[in-house]
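# Remarks on the overall topology
Given next are the chains, with one letter for each unit.
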Amino acid sequence: MESRANLVFGALADPNRRAMIELIASRGPATPTELSADLAMSRQGASKHLSSLVEAGILDSQREGREVRYGMVDGGLEPGSVWMERVGGEWDGRLARLKLHVGN
Amino acid sequence: MEEIQKEVELDCDPERAWQALTEESELSEWLGGEVEADLRPGGEIVVHEEDGNRSGFFETIDPGRELSFWWSRDGDEESTRVELELEPSKTGDGCLVRVTESRPMVELERELVEITGAHRQGTSSSAETGLFAASVFSLS
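Fair warning: this is a prediction, and the values are worked out from it, not measured in the lab. (Residues numbered from 1 in each chain as written. Chains lettered and ligands numbered in written order. Predicted model: local features only at pLDDT ≥ 70, side-chain atom pairs only at ≥ 80, totals over all residues.)

## Considering the overall build of chain B
When helices and strands are counted, chain B shows four helices and seven strands. Its helices and strands in sequence order give chain B the pattern β-α-α-β-β-β-β-β-β-α-α, from N to C terminus. Taken over 140 residues, chain B has a buried fraction of 25%. Long-range pairs, those at least 24 residues apart, make up 36% of the contacts in chain B with a sequence separation of at least 6. (Helix = DSSP H or I, 4+ residues; strand = E, 2+ residues; numbered from the N terminus. Buried ≥ 20, exposed ≤ 12 C-beta atoms within 10 Å, placed from the backbone. Contact = placed C-beta atoms within 7 Å.)

Following this line, the structure appears as structure tokens:
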């Protein structure tokens, strides 16, 4: 769990990678060529960022002819980092109430 | 596995804590709304929250030690698994409650996509995966 969380936070720490996720999340799967044009970076740079996002389990890849297309892993499900933040916050609240409740 | 884990130290003894984790009137005090809990494997759990219900079923119950259930919010296609573990405190009279909430369906979906080579689009196949996951986990 620790390493998975670290991979996710590491992947999200870079503004270029966050921009990629936002583009893919809003427009759908994209190729490194498309992303490098949209984000004004080299195709090689885009590929490198995409690899780390795949490694973190945020994106996955599908071969399409000669290109590889990257999409959100979760699709209809909530992206991992968003889910962890929301659910973690929910349990913080519940456990704080539990502690108060049994303390009485 | 995508999961979060949280712990809380309670000042009460483990017996009291187990009550708080399992009895409807007690759960209703802290889980997030009025709770209905049929405490047996396969039994239903419903939390009536302000903005809708959260419901599912119990998977395992190991009295005094741990319990697990699956739940999802109304309208969500994804069910998640919650495990509550209880242990005596190492430092004093109290006890420790550890909660782990995980998303086994995300993993399952990944595996299914690998197996079938299916390129998932939209939400319909997620819902199908959910049904599949629910059947696998409720039977195991």
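## Describing the sheet that holds strand β2 (residues 34–37) of chain B
Spatially, the seven strands line up as an open sheet ordered β1-β7-β6-β5-β4-β3-β2 (chain B), and their pairing is antiparallel. Each end of this open sheet is capped by a strand with a single partner; those strands are β1 (3–10) and β2 of chain B. Recorded for the sheet is a direction-independent mean angle of 20° between the axes of neighbouring strands. In the packing of helix α5 (residues 80–103) of chain A onto the sheet, contacts are made with β1 and β7 (95–102) of chain B, and the angle to β1 of chain B comes to roughly 15°. Packed on one face of the sheet, helix α1 (residues 14–22) of chain B meets β1, β5 (66–73), β6 (80–88) and β7 of chain B and runs near 165° to β6 of chain B. (Pairing = 2+ DSSP bridges. Axes fitted to C-alpha atoms, helices over the stretch in contact; angles between N-to-C directions.)

## Here we look at the pairing of β7 of chain B
All names here are of chain B. Bridge count between β1 and β7: eight bridges; the pairing is antiparallel. Pairing of Leu10 across the sheet is with Cys95, part of β7. As paired strands, β6 and β7 are joined by eight bridges and run antiparallel to one another. Paired with Val82 across the bridge in β7 is Glu101. Connecting β6 to the next strand, β7, in antiparallel fashion are six residues.

## Considering the confidence of the model for chain B
All names here are of chain B. Looking at chain B as a whole, the pLDDT averages 83, with 76% of positions reaching at least 70. Counting interchain partners and residues more than four positions distant, the pLDDT-below-50 stretch residues 118–140 has 32 contacts. Scoring of the predicted complex yields 0.62 for pTM and 0.81 for ipTM. (pLDDT = per-residue confidence, 0-100.)

## A closer look at the packing of α5 of chain A against α1 of chain B
Two numbers describe how α5 of chain A lies on α1 of chain B: the axes approach to 11 Å, and their chain directions differ by 125°. Here α1 of chain B runs oblique to α5 of chain A, going by the angle between their axes. Between α5 of chain A and α1 of chain B the crossing geometry is right-handed. Contact residues: Leu98, His101 and Val102 of chain A in α5 of chain A; Arg16, Ala17 and Ala20 of chain B in α1 of chain B. (Parallel < 35°, antiparallel > 145°, perpendicular 65-115°, else oblique. Left-handed = near helix turned anticlockwise from the far one by under 90°.)

## Section: helix α2 (residues 15–27) of chain A
Residue and element names in this part refer to chain A. With 13 residues, α2 should reach 18 Å at 1.5 Å per residue; the first-to-last C-alpha distance of 18 Å fits that figure. Among the residues of α2, those classed as buried are Arg17, Met20, Ile21 and Ile24. Down the axis, α2 shows its buried residues gathered within 100° of arc, on one side only. Turned more than 90 degrees away from the buried face of α2 sit Pro15, Glu22, Ser26 and Arg27, all of them exposed. (Expected span 1.5 Å × (residues − 1). Arc of directions from axis to C-beta.)

## Quick look at the pairing of β5 of chain B
For a regular strand, side chains alternate in direction, first toward one face of the sheet and then toward the other. Residue and element names in this part refer to chain B. Relative to β5, strand β4 (residues 52–62) runs antiparallel, the two sharing eight bridges. For Asp62, the partnering residue across the bridge sits in β5 and is Glu66. Taken together, β4 and the strand that follows it, β5, pair antiparallel across an intervening segment of three residues, in which Gly64 is found at a positive phi of about 80°. Direction of pairing for β5 relative to β6: antiparallel, over a ladder of six bridges. Across the sheet, Glu66 pairs through a bridge with Glu85, a residue of β6.

## Digging into the environment of Arg97 of chain A
By secondary structure assignment, the location of Arg97 of chain A is in helix α5. With 15 C-beta atoms packed within 10 Å, Arg97 of chain A lands in the partly exposed category. In this structure Arg97 of chain A touches Glu29 and Trp30 of chain B, once residues within four positions along its chain are discounted.

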